[in-house]
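Observations on the three-dimensional arrangement
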Amino acid sequence: MDGSGVGFGCKKKRGMSVEKGMAELPFKVYAELCKRIACDKLYGPFGWTYATMLWNLMGRSDNISHISVNHIKCKEDHLLIYYAQQKTDQDGKLSKYPRAIYANPLSPWTCAITALGVYLIVTNTRVGNSDGSLPLFHGSQDECARRFRVGLHAKAKEIANILEENGMTTQSVGTHSFRKGAATYASAGGTACPSSSAISLRAGWTQPGVEDTYRRYDSAGDEHVGRVLTGLPMNGEELAILPPIFMPKTEEDEAFIDECCKSTMDVNQVNPTVARRCLASVVFHILKLREQLPLGHKLWADRTINNKQAMEKLQSLIFSGFQDNPLAMEAKLCATGVPPHCALLRSMRI
């Protein structure tokens, strides 16, 4: 033995801190931080998106900083994020396996799709790199991580009392706290958690021996993890709720939605279906956003978002509910990544 275990035990006996690295964020602290970050006039759009990506992807800061607009796709009821490479996948062999992220219609602050939508609206014009890549976040990896850390520490100080109630300090919160917190929440935040293998694969952790050989990626497992990380009630039927989706009734409605997407986001660079899904989430939560985001927030500078009539029309064209709703059934909408207990609870209510 090297004696490290003895040293660790001695620290415990002496009442010294035994935390290794940054502390994990409990979900309620994460949610409060997201809300505080989102409401910041300048830092908000970037910081909110970065924070929700860290949590929902259980990602390393390096992976989040390197996300490209080209890496974001839309599939069924969720978005897909692709990593070019990871710490445990330097040659990019696993880059073909995406991570599913879901909307949270019950809360805008922990909704990665809403945060992404706000960010894409306020950064409408994007500049690509010389190699043709189109980074989601401007600046190098180190610049993005540093910018996020500076803003995070400022917001952590605002909720110092909440951190103290949860056994944390402002100094114990960092970018890795989101990854730790998300992994803890997904694996132990309820009694119907996703499988440990699906969580490890999403986090990019190696699974030595049998697990690396026999327990491989499959979309259903990752989708379950993605749903749980939104913060939707893990043990309730609400976990199966569909995201806000535009459901036009006429060709004129379709044209109007397309025009609004073009006026709010650069659809020449952002995948049009991604832009559409993100705008739907922003419009769906617009009342809550108006209540909390300050007047000087960059979101309110957008002409479409600031147009009351346009917002009311867009809101009338949005659907969010369960897949057994007649509108969802007619449009053949299906909720993915849903564990069996959600369907059972829903059938009991009906």
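Residues numbered from 1 in each chain as written. Predicted model: local features only at pLDDT ≥ 70, side-chain atom pairs only at ≥ 80, totals over all residues. Heavy atoms only, no water.

1. Quick look at the overall build of the protein
Threshold: Here a strand is any run of E in DSSP of at least two residues, a helix any run of H or I of at least four, and the numbering for each starts at the N terminus. For each residue, the accessible area found with a 1.4 Å probe, counting protein chains only, is set against the maximum for its type, and the residue is called buried under 20%, exposed over 50%, and partly exposed in between. Contacts between residues were defined by any pair of non-hydrogen atoms, one from each residue, lying within 4.5 Å.
Along its length, the protein carries 17 helices and 5 strands. Relative to its full complement of 350 residues, the protein shows a buried share of 48%. Residue pairs at least 24 apart in sequence account for 70% of intrachain contacts in the protein once pairs closer than 6 positions are excluded.

2. Structural notes on the packing of aromatic side chains
Heads up, the rule is: Put simply, two rings from Phe, Tyr or Trp (the six-membered ring, in Trp's case) pair if the centres are within 6.5 Å, and we call them stacked under 30 degrees between planes, edge-to-face over 60, tilted for the rest. For a lysine, the NZ atom is tested; for an arginine, the CZ atom; a charge sits over a ring if that atom is within 6 Å of the ring centre and within 35 degrees of the ring normal.
Scanning the model with the defined rule gives 14 aromatic pairs in all. Relative to tyrosine 185, the ring of tryptophan 55 has its centre 6.0 Å away and its plane inclined at 50 degrees; by these criteria the two rings are tilted. Placement of the pair is tryptophan 55 in helix α3 (residues 44-56) and tyrosine 185 in helix α8 (residues 175-188), with a sequence separation of 130 residues. Take tryptophan 55 and tyrosine 185: they sit in the same class, and that class is buried. Judged by centre distance (5.4 Å) and plane angle (50 degrees), the rings of tyrosine 119 and phenylalanine 137 are tilted. Here tyrosine 119, found in helix α5 (residues 112-122), pairs with phenylalanine 137, found in the loop between α5 and α6 (141-158); they are 18 residues apart in sequence, far enough to count as distant. Its relative accessible area of 3% is what places tyrosine 119 among the buried residues. Three or more aromatic residues joined by ring pairs form one cluster here, namely Phe27, Tyr30, Tyr43, Phe46, Tyr50, Trp55, Tyr119, Phe137, Phe148, Phe178 and Tyr185. Seen from the ring of phenylalanine 46, arginine 147 lies directly overhead, with NZ or CZ sitting 3.9 Å from the centre. Stacked on the ring of phenylalanine 322, the Lys or Arg arginine 346 has its end atom at 4.0 Å from the ring centre.

3. Quick notes on empty space enclosed by the protein
Note the following rule: Put simply, the grid is 1 Å and covers the protein atoms alone, a cavity is a trapped set of points that fit a 1.4 Å probe, a pocket is an open set with protein on both sides within 12 Å along at least five of seven lines, and lining residues have an atom within 4 Å of a point. Grid points are joined across faces, edges and corners, and a volume is the space filled by probe spheres set on the points. Put simply, Ala, Val, Leu, Ile, Met, Phe, Trp, Tyr, Cys and Pro go in the nonpolar bin, Asp, Glu, Lys and Arg in the charged bin, and everything else, Gly too, in the polar bin.
Tallied over the full model, the rule gives 1 cavity of 30 Å³ or more. Volume-wise, the largest cavity comes out at about 40 Å³. Lining the largest cavity, in full, are Val69, Ile72, Leu116, Leu120, Leu136, Val270 and Val274. Taken together, the residues that form the lining of the largest cavity break down as 7 nonpolar, no polar and no charged.

4. Examining the sheet that holds strand β3 (residues 99-101)
Just so we agree on the cut-off: When DSSP finds two or more bridges between two strands, those strands count as paired. With axes taken as lines fitted to C-alpha atoms, and helix axes fitted only over the stretch in contact, angles between N-to-C directions fall between 0 and 180 degrees.
Ordered in space as β1-β2-β3, the 3 strands form an open sheet in which the pairing is antiparallel. Here the strands that pair on one side only, and so sit at the sheet edges, are β1 (72-75) and β3. On average, each strand axis in the sheet is inclined to that of its neighbour by 35 degrees, with strand direction left out of account. For strand β2 (residues 78-81) and β3, the ladder comprises 3 bridges, and the chain directions are antiparallel. In the strand pairing of β3, leucine 79 is matched with isoleucine 101. Relative to the sheet, helix α13 (residues 272-284) contacts β1 and β2, its axis offset from that of β1 by approximately 75 degrees.

5. Brief notes about the pattern of salt bridges
Put simply, the test is: Just to be clear on terms, a salt bridge is a Lys or Arg side-chain nitrogen sitting within 4 Å of an Asp or Glu carboxyl oxygen.
Counted by the stated rule, this structure contains 10 salt bridges. Measuring nitrogen to oxygen at the nearest pair gives 3.3 Å for the salt bridge that ties arginine 346 to glutamate 237. Here arginine 346 is found in helix α17 (residues 340-349), whereas its partner glutamate 237 is found in the loop between α11 (219-229) and β4 (245-246), with 109 residues between them in sequence. Of the residues examined, arginine 346 reaches a relative accessible area of 21% and is grouped as partly exposed. In this structure, a network of salt bridges that share partners links the residues Glu32, Arg36, Asp40, Lys155 and Glu158.

6. Looking at the environment of phenylalanine 322
By secondary structure assignment, the location of phenylalanine 322 is in the loop between β5 (318-319) and α16 (326-330). We classify phenylalanine 322 as buried; its relative accessible area is 14%. In this structure, the C-alpha to C-alpha distance between phenylalanine 322 and glutamate 238, residues 84 residues apart in sequence, is 8.4 Å. Not counting residues up to four positions away in its chain, the partners in contact with phenylalanine 322 are Glu237, Glu238, Ala240, Ile241, Leu242, Ala328 and Arg346.

7. Describing α3
Where we set the bar: Each residue after the first adds 1.5 Å to the expected span of a helix.
Taking 1.5 Å of rise per residue, the 13 residues of α3 would be expected to cover 18 Å, and the 18 Å separating its terminal C-alpha atoms lies within 8% of that figure. Of all 13 residues making up α3, 13 are buried, and the element is well covered by its neighbours. Where α3 terminates, the next one or two residues include methionine 58, which has phi positive at roughly 50 degrees.

8. As for the pairing of β2
Judged by which residues are buried, β2 turns out to be covered on both faces: His78 and Leu80 on one side and Leu79 and Ile81 on the other are all buried. Between the end of β1 and the start of β2, which pair antiparallel, lie 2 residues, with glutamate 76 showing a positive phi angle near 50 degrees.

9. Digging into the pairing of β1
In this structure, β1 lies alongside β2, joined through 4 bridges in antiparallel fashion. In the strand pairing of β2, cysteine 74 is matched with leucine 79.

10. Here we look at the side chain of threonine 304
The condition that has to hold: Residues adjacent in sequence count toward polar contacts only when both atoms are side-chain atoms; beyond that, a polar contact is any pair of N or O atoms within 3.5 Å, and within protein one must be able to donate a hydrogen and the other to accept it.
Relative to the assigned elements, threonine 304 resides in the loop between α14 (286-292) and α15 (308-316). Within polar-contact distance, the side chain of threonine 304 engages the side chain of serine 263 at 2.6 Å. Aside from chain neighbours lying at most four places away, what touches threonine 304 is Cys260, Ser263, Thr264, Ala310 and Met311.

11. Some points on unusual backbone geometry
Not every positive phi belongs to a glycine, and methionine 58 is a case in point at roughly 50 degrees. Structurally, the position occupied by methionine 58 is in the loop between α3 and α4 (61-65). For glutamate 76, which is not a glycine, the phi torsion comes out positive at approximately 50 degrees. Along the chain, the position of glutamate 76 falls in the loop between β1 and β2.

Function cannot be read off these values alone, since they describe shape.
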